[in-house]
6 protein chains.
Amino acid sequence: MSNAIEARIGDLERYIPSLTAEADLDEFWERTLAEYAGKPLNGTRELVQTPMKGMNVYKAAYEGADDTPLHAWYLTPQAEEGTRFPCVVHYHGYTGSKGMPEHFAHYILMGFAVLSIDVRGQGGDTGNRLHQHYGAVKGWLTPGILDRETAYYRAITIDAIRAAEWAAEQPETDPERVLLIGGSQGGGLALIVSALSALPKAAVAHIPNMCHMDFGILNSNSSLSEAADFVSRHPEHLGAVLKTLSYFDNLNLAPRIRIPVMVSCGLKDPCCMPETVYAAYNRIESEKEMRVYPFDGHWVSDGQNRLAMEFLARHAGLA
Amino acid sequence: MSNAIEARIGDLERYIPSLTAEADLDEFWERTLAEYAGKPLNGTRELVQTPMKGMNVYKAAYEGADDTPLHAWYLTPQAEEGTRFPCVVHYHGYTGSKGMPEHFAHYILMGFAVLSIDVRGQGGDTGNRLHQHYGAVKGWLTPGILDRETAYYRAITIDAIRAAEWAAEQPETDPERVLLIGGSQGGGLALIVSALSALPKAAVAHIPNMCHMDFGILNSNSSLSEAADFVSRHPEHLGAVLKTLSYFDNLNLAPRIRIPVMVSCGLKDPCCMPETVYAAYNRIESEKEMRVYPFDGHWVSDGQNRLAMEFLARHAGLA
Amino acid sequence: MSNAIEARIGDLERYIPSLTAEADLDEFWERTLAEYAGKPLNGTRELVQTPMKGMNVYKAAYEGADDTPLHAWYLTPQAEEGTRFPCVVHYHGYTGSKGMPEHFAHYILMGFAVLSIDVRGQGGDTGNRLHQHYGAVKGWLTPGILDRETAYYRAITIDAIRAAEWAAEQPETDPERVLLIGGSQGGGLALIVSALSALPKAAVAHIPNMCHMDFGILNSNSSLSEAADFVSRHPEHLGAVLKTLSYFDNLNLAPRIRIPVMVSCGLKDPCCMPETVYAAYNRIESEKEMRVYPFDGHWVSDGQNRLAMEFLARHAGLA
Amino acid sequence: MSNAIEARIGDLERYIPSLTAEADLDEFWERTLAEYAGKPLNGTRELVQTPMKGMNVYKAAYEGADDTPLHAWYLTPQAEEGTRFPCVVHYHGYTGSKGMPEHFAHYILMGFAVLSIDVRGQGGDTGNRLHQHYGAVKGWLTPGILDRETAYYRAITIDAIRAAEWAAEQPETDPERVLLIGGSQGGGLALIVSALSALPKAAVAHIPNMCHMDFGILNSNSSLSEAADFVSRHPEHLGAVLKTLSYFDNLNLAPRIRIPVMVSCGLKDPCCMPETVYAAYNRIESEKEMRVYPFDGHWVSDGQNRLAMEFLARHAGLA
Amino acid sequence: MSNAIEARIGDLERYIPSLTAEADLDEFWERTLAEYAGKPLNGTRELVQTPMKGMNVYKAAYEGADDTPLHAWYLTPQAEEGTRFPCVVHYHGYTGSKGMPEHFAHYILMGFAVLSIDVRGQGGDTGNRLHQHYGAVKGWLTPGILDRETAYYRAITIDAIRAAEWAAEQPETDPERVLLIGGSQGGGLALIVSALSALPKAAVAHIPNMCHMDFGILNSNSSLSEAADFVSRHPEHLGAVLKTLSYFDNLNLAPRIRIPVMVSCGLKDPCCMPETVYAAYNRIESEKEMRVYPFDGHWVSDGQNRLAMEFLARHAGLA
Amino acid sequence: MSNAIEARIGDLERYIPSLTAEADLDEFWERTLAEYAGKPLNGTRELVQTPMKGMNVYKAAYEGADDTPLHAWYLTPQAEEGTRFPCVVHYHGYTGSKGMPEHFAHYILMGFAVLSIDVRGQGGDTGNRLHQHYGAVKGWLTPGILDRETAYYRAITIDAIRAAEWAAEQPETDPERVLLIGGSQGGGLALIVSALSALPKAAVAHIPNMCHMDFGILNSNSSLSEAADFVSRHPEHLGAVLKTLSYFDNLNLAPRIRIPVMVSCGLKDPCCMPETVYAAYNRIESEKEMRVYPFDGHWVSDGQNRLAMEFLARHAGLA
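None of the values given here were measured: they were computed from a predicted structure.

A. Geometry of the interface of chain F and chain A. Taken together, the contacts link 25 residues of chain F with 25 residues of chain A. Both faces combined, the contact of chain F with chain A buries some 1,800 Å², and carbon together with sulfur accounts for 45% of it. Its largest share of buried area at the contact with chain A, chain F owes to Gln 132, Lys 138 and Arg 233 of chain F, together 31% of the area lost on that side. Viewed at the interface, chain A and chain F are joined by 2 salt bridges.

B. Representation of the packing of aromatic side chains within the structure. Residues and elements named next belong to chain D. With the rule as written, the count across this model stands at 67 aromatic pairs over all chains. Note on Tyr 58 and Tyr 74: the rings are 6.2 Å apart at their centroids and 35° apart in plane angle, and the pair reads as tilted. A residue pair is termed long-range when its members are at least 10 positions apart, and Tyr 58 in strand β2 (residues 55–63) and Tyr 74 in strand β3 (residues 69–77) qualify at 16 residues. Exposure class is identical for Tyr 58 and Tyr 74. Each is buried. One residue, Arg 45, lies across the ring of Tyr 58, its end atom 4.0 Å from the ring centre.

C. Structural detail: the state of the cysteines. Applying the stated criterion to the full structure yields 0 disulfides over all chains. With no disulfide of its own, Cys 211 of chain B has Cys 272 of chain B as its nearest cysteine by sulfur position, at a separation of 7.5 Å.

D. Expanded view of the relation of the copies chain F and chain A. Aligned on chain A, chain F shows an RMSD of 0.0 Å; the corresponding rotation is 180° and the shift along the axis is 0.0 Å. Taken together, the turn and the small shift mark the pair as related by a two-fold rotation axis. When the interface residues of chain F are mapped onto chain A, 100% of them are again interface residues, pointing to one common binding face.

E. Molecular detail of the relation of the copies chain A and chain B. Once chain A is rotated about the relating axis by 180° and shifted along it by 0.0 Å, it coincides with chain B to within an RMSD of 0.0 Å. Take the interface residues of chain A: 100% of them recur as interface residues in chain B, which is what a same-surface contact looks like.

F. Region of interest: the sheet that holds strand β2 (residues 55–63) of chain E. All names here are of chain E. An order of β1-β2-β3-β5-β4-β6-β7-β8-β9 is seen for the 9 strands of this open sheet, with the pairing classed as mixed. At either end of the open sheet lies a strand with only one pairing partner, and these are β1 (44–48) and β9 (288–293). For this sheet, the mean inter-axis angle between neighbouring strands, taken without regard to orientation, is 20°. Here strand β8 (residues 261–266) pairs with β9 via 6 bridges, running parallel. Paired with Ser 264 across the two strands is Arg 291, which belongs to β9. Of the strands in this sheet, β4 (85–91), β6 (173–183), β7 (202–206), β8 and β9 are in contact with helix α11 (residues 302–315), which crosses β7 at around 170°.

G. Structural view of the arrangement of the chains. Separating chain B from chain E is a minimum C-alpha gap of 29 Å, and the two share no contact. Between chain C and chain F there is no contact; the minimum C-alpha to C-alpha separation amounts to 29 Å.

H. Structural view of the packing of helix α2 (residues 25–37) of chain A against helix α4 (residues 152–169) of chain A. All names here are of chain A. Running from amino to carboxyl end, α2 crosses α4 at an angle of 55°, the nearest separation of the two axes being 12 Å. For the element pair α2 / α4, the angle class is oblique. The two elements α2 and α4 meet at a crossing, and its hand is right-handed. Touching Phe 28, Trp 29, Thr 32, Leu 33, Glu 35 and Tyr 36 of α2 are Arg 154, Thr 157, Ile 158, Ile 161 and Arg 162, all from α4. Looking at the contact of α2 with α4 residue by residue, the class counts come to 6 nonpolar, 2 polar and 3 charged.

I. Local environment of the pattern of salt bridges. In this structure the tally under the stated criterion is 126 salt bridges over all chains. Among the ionic pairs, Glu 226 of chain A bridges to Lys 138 of chain F, the shortest N-O distance being 2.9 Å. Within this pair, whereas Glu 226 of chain A is found in helix α7 (residues 224–233), its partner Lys 138 of chain F is found in the loop between β5 (113–117) and α4 (152–169), the two belonging to separate chains. Between Arg 291 of chain A and Glu 289 of chain A there is a salt bridge whose closest N-O contact spans 2.9 Å. Arg 291 of chain A sits in the partly exposed class, given a relative accessible area of 31%. Here the salt bridges share partners, and the residues they tie into one network are Asp 24, Glu 27, Arg 31, Glu 35, Arg 148, Glu 149 and Arg 154 of chain A.

J. Main features of the nonpolar core. One finds Tyr 91 of chain B together with Tyr 91 of chain D to be the most contacted residues of the largest nonpolar core, which totals 245 residues. Ignoring anything within four residues of it in the chain, the contact list for Tyr 91 of chain D reads Ile 117, Ala 160, Ala 163, Ala 164, Leu 180, Ile 181, Gly 182, Gly 183, Gly 186, Leu 189, Ala 190 and Val 193 of chain D. Among the nonpolar cores identified, the runner-up in size contains 244 residues, and Val 137, Ile 192 and Phe 230 of chain A together with Val 241 of chain C belong to it.

K. Representation of the environment of Arg 148 of chain F. All names here are of chain F. Mapping Arg 148 onto the fold places it in the loop between β5 and α4. The buried category is assigned to Arg 148, whose relative accessible area is 18%. The sequence separation of Arg 148 and Arg 162 amounts to 14 residues, and the corresponding C-alpha distance is 19 Å. Those residues within four positions of Arg 148 in sequence are excluded, and the remaining contacts are Asp 24, Phe 28, Arg 31, Arg 154, Thr 244, Tyr 247 and Phe 248. At 2.6 Å, the side chain of Arg 148 forms a polar contact with the side chain of Tyr 247.

L. Main features of α11 of chain E. Residue and element names in this part refer to chain E. Helix length check: α11 (14 residues) gives 20 Å between terminal C-alpha atoms against 20 Å at 1.5 Å per residue, within 8%. Along α11, the residues that are buried comprise Gln 304, Arg 306, Ala 308, Met 309, Phe 311, Leu 312 and Ala 313. In this structure, the buried side of α11 is in contact with β4, α3 (105–110), β6, β7, β8 and β9. Following α11 by one or two positions, Gly 317 has its phi on the positive side, about 70°.

M. Seen up close, the interface of chain A and chain B. Each partner contributes residues to the interface: chain A has 20 residues there, and chain B has 20 residues. At the boundary of chain A with chain B, total buried surface from both sides reaches about 1,800 Å², with 67% on carbon and sulfur atoms. A per-residue breakdown of the area chain A buries against chain B is headed by Pro 51, Leu 109 and Arg 306 of chain A, which together make up 38% of the total. Linking chain A to chain B there are 2 salt bridges. Salt-bridge contacts for Arg 306 of chain A lead to Glu 102 of chain B; the nearest nitrogen and oxygen are separated by 2.7 Å. When contributions to the side of chain A that touches chain B are tallied by element, the ones reaching two or more residues are α3 (105–110) and α11 (302–315) of chain A. Tallying contributions element by element places α3 of chain A first for the side of chain A that touches chain B, with 5 residues. The residue makeup of the side of chain A that touches chain B, split by class, is 11 nonpolar, 4 polar and 5 charged.

N. Representation of the environment of Leu 115 of chain E within the structure. Residues and elements named next belong to chain E. Among the secondary structure elements, Leu 115 is positioned in strand β5 (residues 113–117). A sequence separation of 52 residues divides Leu 115 from Glu 63, and the C-alpha atoms of the two residues are 14 Å apart. Residues contacting Leu 115, with those up to four places away along its chain left out, are Ala 72, Trp 73, Tyr 74, Cys 87, Val 88, Val 89, His 90, Ala 163, Trp 166 and Ala 167.

O. Highlighting the pairing of β3 of chain D. All names here are of chain D. Among the 9 residues of β3, 7 are classified as buried, and the element is accordingly described as predominantly covered. The pairing of β2 with β3 spans 9 bridges and is classified as antiparallel. Paired with Ala 61 across the strands is His 71, a residue of β3. In sequence, β2 turns back onto β3 through a hairpin of 5 residues.

P. Region of interest: the sheet that holds β2 of chain D. All names here are of chain D. The 9 strands lie next to each other as β1-β2-β3-β5-β4-β6-β7-β8-β9, forming an open sheet whose pairing is mixed. Only two strands of the sheet have a single neighbouring strand rather than two, namely β1 (44–48) and β9 (288–293). Neighbour-to-neighbour, the strand axes of this sheet turn through a mean angle of 20°, independent of strand direction. Across 4 bridges, β3 lies against strand β5 (residues 113–117) in antiparallel orientation. Note on β5: the bridge partner recorded for Tyr 74 is Leu 115. Packing of helix α5 (residues 185–196) onto the sheet brings it into contact with β4 (85–91), β6 (173–183), β7 (202–206) and β8 (261–266), and relative to β6 it is tilted by some 140°. Docked against the sheet, helix α10 (residues 274–281) engages β8 and β9, running at close to 160° with respect to β8.

Q. Up close: unusual backbone geometry. With a phi angle near 60°, Met 210 of chain A is a residue other than glycine that sits in the positive phi range. With respect to the element layout, Met 210 of chain A can be found in the loop between β7 (202–206) and α6 (213–219). The class for Met 210 of chain A is buried, based on a relative accessible area of 2%. Unlike most non-glycine residues, His 212 of chain C shows phi in positive territory, near 50°. Tracing the chain through its elements places His 212 of chain C in the loop between β7 (202–206) and α6 (213–219). His 212 of chain C sits in the buried class, given a relative accessible area of 1%.

Rules of the game
Residues numbered from 1 in each chain as written. Chains lettered and ligands numbered in written order. Predicted model: local features only at pLDDT ≥ 70, side-chain atom pairs only at ≥ 80, totals over all residues. Heavy atoms only, no water. Contact = heavy atoms within 4.5 Å. Buried area = accessible area lost by both parts, 1.4 Å probe. Salt bridge = Lys/Arg side-chain N within 4 Å of Asp/Glu carboxyl O. Phe/Tyr/Trp six-rings, centres within 6.5 Å; stacked < 30°, edge-to-face > 60°. Helix = DSSP H or I, 4+ residues; strand = E, 2+ residues; numbered from the N terminus. Buried < 20%, exposed > 50% of the residue type's maximum accessible area, 1.4 Å probe, protein only. Lys NZ or Arg CZ within 6 Å of the ring centre and 35° of its normal. Disulfide = S-S within 2.5 Å. Least-squares fit on C-alpha atoms with pLDDT ≥ 70 in both. Pairing = 2+ DSSP bridges. Axes fitted to C-alpha atoms, helices over the stretch in contact; angles between N-to-C directions. Parallel < 35°, antiparallel > 145°, perpendicular 65-115°, else oblique. Left-handed = near helix turned anticlockwise from the far one by under 90°. Nonpolar A, V, L, I, M, F, W, Y, C, P; charged D, E, K, R; others polar. Core = buried A, V, L, I, M, F, W, Y, C linked by side-chain atoms within 4.5 Å. Polar contact = N/O pair within 3.5 Å; in protein donor to acceptor, adjacent residues only side chain to side chain. Expected span 1.5 Å × (residues − 1).

Here it is, written out as structure tokens:
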């Protein structure tokens, strides 16, 4: 008795594809996280002038998965010294950058500090010291993709975890109130950090990628199409590529999430397709809410952004 | 001895097409402005709650070219009563809307008040009481286009002028420091208000439309293509349509501008084409600066937005 | 044992999605039709010269859902005074117009009178006095869409019903032989008038829209994409929009049809998709015939037009 | 002092590219026309039933450039035996067909007889007995293109000339009032028959092809792109292809036209580009009128069709 | 427990649509093959110079389905007279040609002779003497399509069978080791010749067409879209067209194949869609191997070509 | 008196845009070449099995601009030890690879040895040890682009020069007869190596890039669009980017070429646009031939490849 839209959403809510995890998934992450647990962040921060007098703007950097300096903005409201703010850690979408301080002005007016990082190599200021050992497809996804240890996803996941750690260390940040947000690639990172780090208290994953990647590599026009092109050239590597992806697939990692998450999804998104988003979402066992938009493609609407602001405020005790 | 990019820009700097103004252009505007000079704005404003504690947000409305209530956000920093801020009046691009208060948070952190209005009928909350008296093309441009008195451009120009007037009336606004900004349609409106109103002190017109419209209707993919489609169906109306457009063409009105303006232009913009932007810009006689982007299409880059922030701060005495 | 084409058609013939009707559907139409039952048409007609000496061409107008004058052509064969012709009422597709008298010359040669009307606001001569009370998406569909009483579909349905009534009143028309035809939007109107008016004797609905609109808004590239865009901007209005559409959905109204109808469908039509056409068609209980074209998109072929001519001639007693 | 549209049209009006005629152009046509001068048409006609009682419909055929039977509709108003009507000969656009009798109903109502022919091989009922002696590109243009004697354009030009001759022979046709019309390929044929046959009294060439083909093969997306693809595969044939085309180029033949012609042109037509249409038009020395549409692409508008009807009526003495 | 790619392939492996064969399929081919069994090939060959000293290049021709001379390259390694090589017969894709001798140099270096033929009428040197008896769609597929006896597929199938026969007759060819290869149309021909001729010893059919054509005409963008367009214009011919296709559909003929075949398939091929390739492949009862590429469209990768080389070498006793 | 095609080509032949060379261009290359003059190539080669018995296939590697091992195929005809062959060095197009040995079989049959190298990082087996020090655009062009010393073009130019050197060192190569060939990026490399190395004896540059890059970055859709996107994000780097490109622009280096070159060009090539190819070609002072294809886009036709084979044979003394 449901209409066509309700029927479609109902099918997605019941979509539970097989996990693709290898037997040593947990062991891999235990070992990997241990490797970085004690590694110093070697962070730096420098106050810079902007036309926004009401915001303190720091050009920041810290060391991520290797000695690549990850560039970032650390932003705070103006306040008496010693004030500690809840902090939003922002991850951007594929090919993007940490953006400009003005993009985060609304968080400052809400009472948040903000850390917005570059994802390595992409459109910001941050380089990428990962060596490229063999031929690749345009983009960042395929160099190193034949092994989980050299995979780009491994590096950016560690970079993202360490971003939250660097944010928590700052004197203006209340380390008990670090929250994550991002869209697309940034949403995928928000989910995987939620699964792998005990630090964040809540997360917003708009139209996340890094979900049900066996489906996405076959059907989507996302950055996974780089991996598809790579396998198209080297069909013998199909198995290795799928295996590598499985270690970073939120489908497999979602059950680890212990914090409240908000996820969004557009039914017309050909990039982070609804099947992929729901496949991971349906595996989350903590407090969660899905915001589904029947007619939206691969974008985040103003309304969804406002819902995220309210969600973050609520979980930071600002509402 | 110049490279291909310099050569292209040099040609644009020397591009001075004929004015298309009718003999009674000045008389038309004198009469039209007089008609509205004493008409009350009947404005309203209501404080609304948002997650941004540092911003006062008012849902506002005022009467524009007819009794259509124009919806808007009026936003101010939190400050002691009686403080007066310079105010940025924002005009959006075609099919857009006044947006969300959070879009203007950076201006608040700079120390500006902001008024962001809906352009009537388009994607915001504002309707359009202009009657449609004959068949039209999808969009807002062609209903009424056969006569300057019923033209949509006339209505939105008056709406835009009265926006600045309403902003100046608010107790939090310093009426000597009202500045205009917009992109595309919004840039066109910023220019035409600069030409027709004595109120603004400076203006930023990103990639403005409403410039050299005889060229744009023939060559661009802008909203003028609605007018082109209309003439395609009714070839007998070519003259009338071109005549109507001429009264609202910044090519003809640019010499009236008396304030500092910043204009931007993308050499790859198929919508607000470089020829059209330069044609109007080259007719401006006041203090002016052009920001030209050789590889940009119809968008406003983060860097250009920052330049605009600095320009506005400088002309508002905030820098 | 069927081939791929037969299998596809077989699936469509068995496709019976749920009705989406609200409980008060019948009451809504009873009230609405009663409101217009006694309202005068205030029609006008004026003989105009064309190069076609064998056709009497009248520029006509009548009042539709409000006081908007609906423009139309009323065309008759030349004959002795007092001759009464069966009359074809023609509804055009979205963004179109009543066309030119020459488009209907073949009906004249068949012995029909013709009434071809503008759909309000679209590409003909007819304006639209419906007020736009809030922001909308380009096109005619979304202003007023939040309420069945202000919906554009309500207005054009009434306009279309009254077209048949005006046609029946003309002295050259045999009021017992008024037939309807249209394609796409025009096909949708032909069906809904067939469902709501006792006047027509038969109808042809080529590739009709206004069918199974919950499916169409989600999947098609028809004018419903305007409604989809509207909901994309205002997700909170999804329910209201779907509710409004349900009152005008031929899926819900088809069981009321009591006259013979011919319907056509292209299996490759991304606009009026086969699922939507069959969903309504399968609910029709009167004499009906489906003409399905496996390789046709959103167009009406010459052959289908000829079949329609034969169908109309047969039901008008001309064959 | 002209606007951008006037400036563009002015440039076209002054555009006089070099003729591309070979020295023996006249000799070629003298010989070719002589070859067919006495060849019998071997026409046939058969009355068929349609729902249009007011039109006599004959399925006709005659022999064109070889023994291929060219299929056609010959249509007349109903009238007393012995009545002779002016006759419109219609040539269709590329890939099209003679159409359906109902497409020409308006001419019948004007008092014309109509002959609408298939262009050989294309979308109608008519085959093509020209042998294909070497490999070709999809479409009809390139088989035989290496020699003017075997060229498809030669065959269809003769077919088109003989169509006018067959029309003139019919007892219902007034042989002094044969007029030509067509669009695109049909416009090209209308011009070339006007140049080569003494029979027609006037012609309408909407957006004609077969004009300034050296420009068109380089720049347009017309059927000449088949010839371009052929030369792309066989670069050694560039000269032969251009030479063949030159014998059928209205640029070279236009000065022979002795009858009134109406030509139309869309400034946005990427197929029969304005440069090509004007290049031929500017060479016509007889009574002529150009209808130029600044915003039209490769289509013929309703308004232009009405102008053509009036032009034909005037030159047939029907107006 | 399978991932999305395995699941998709598994579905294809189990896809067994109904045969579409007419009752007289076997009788048709028995009669047809008998008709050509004794018909002389009337072959010619002429040694031509190329820059490749290590290859003997013969411009060859033979008679195919009618008296059309089929042009071809016959290529051999340089060797002592009397040496007999295994011979690869190559069929090209739609609109292509026999190519250039250099395209086959790798086969020469492997120790193969090569015969590469033109498919009639398409992009090589070979004409097409099949008469076109009625109007058609651009391309070679639809002339003659209303009857299996006049169908283009019949002619090219016979041409392809006789190519193998001509190759086997050459003194440099070992007639026991004739092998077939082709892609797309060429793959379809390789399969149908494998089914109908006792001559070949093995075949490679890359992404073959002429498979499950009832599905392909409805869903693919292959050359079958010409047949779809033809039926779109002439809906009354749907049955005749499907019937004609059924005689040349490898779906129906695959069970006749008695030799080893390698078939390839791209899951993203919109032209020779996976359903069509698997439908025929699943009906093959001889030794067979499928090479499926999850991310490949309508192309043959370098790796697949190498696999084909190895397959051919193995079955020719060269490996 | 020329036709449109001749006129276009004539304009190109007279197109002489300004050089963009910096004052220290010569000094830069003198220093750079000196730096690598004595650096060992550290080459390796390993015989591998393929199905092509007539070709010796070596998997090779050597060190290029840094310690990145450049992977390559070194291929020779089978011959008595001590035979020395002229050697073709092949550079591939952007995103491509060294290909497969079978791609070069025709050169083997001509009597050439072949070296086909990977361009670093792209679609072959070769990695890229250049560090990425800041954010970049997808692709290989923009990392390092802010300085000629770190530019990707510098590395690949040195890699390409050293390829010729490694080829010349092989015992099967006649070092006096090393010839270069490539298309697009490979054509650009063939030209720049011709300009900078004394080793090659002749070169073929099909549709070369790295020519008149100030024009190409503004107008083409080539890999320079990566640089354009980079500047679009970082407008402050326009000058630095153009300066870097100038050191690798064949426009500036062409006058250094001392060997015979064949260049090709497609007038419809939107990637390596005719203006850019002719701009460099017109500056070449040695023996040269241009092959221009009026209707070709960004591809190399079979005929042009054959011309290249003949050109190479002639200059290697094989013809």
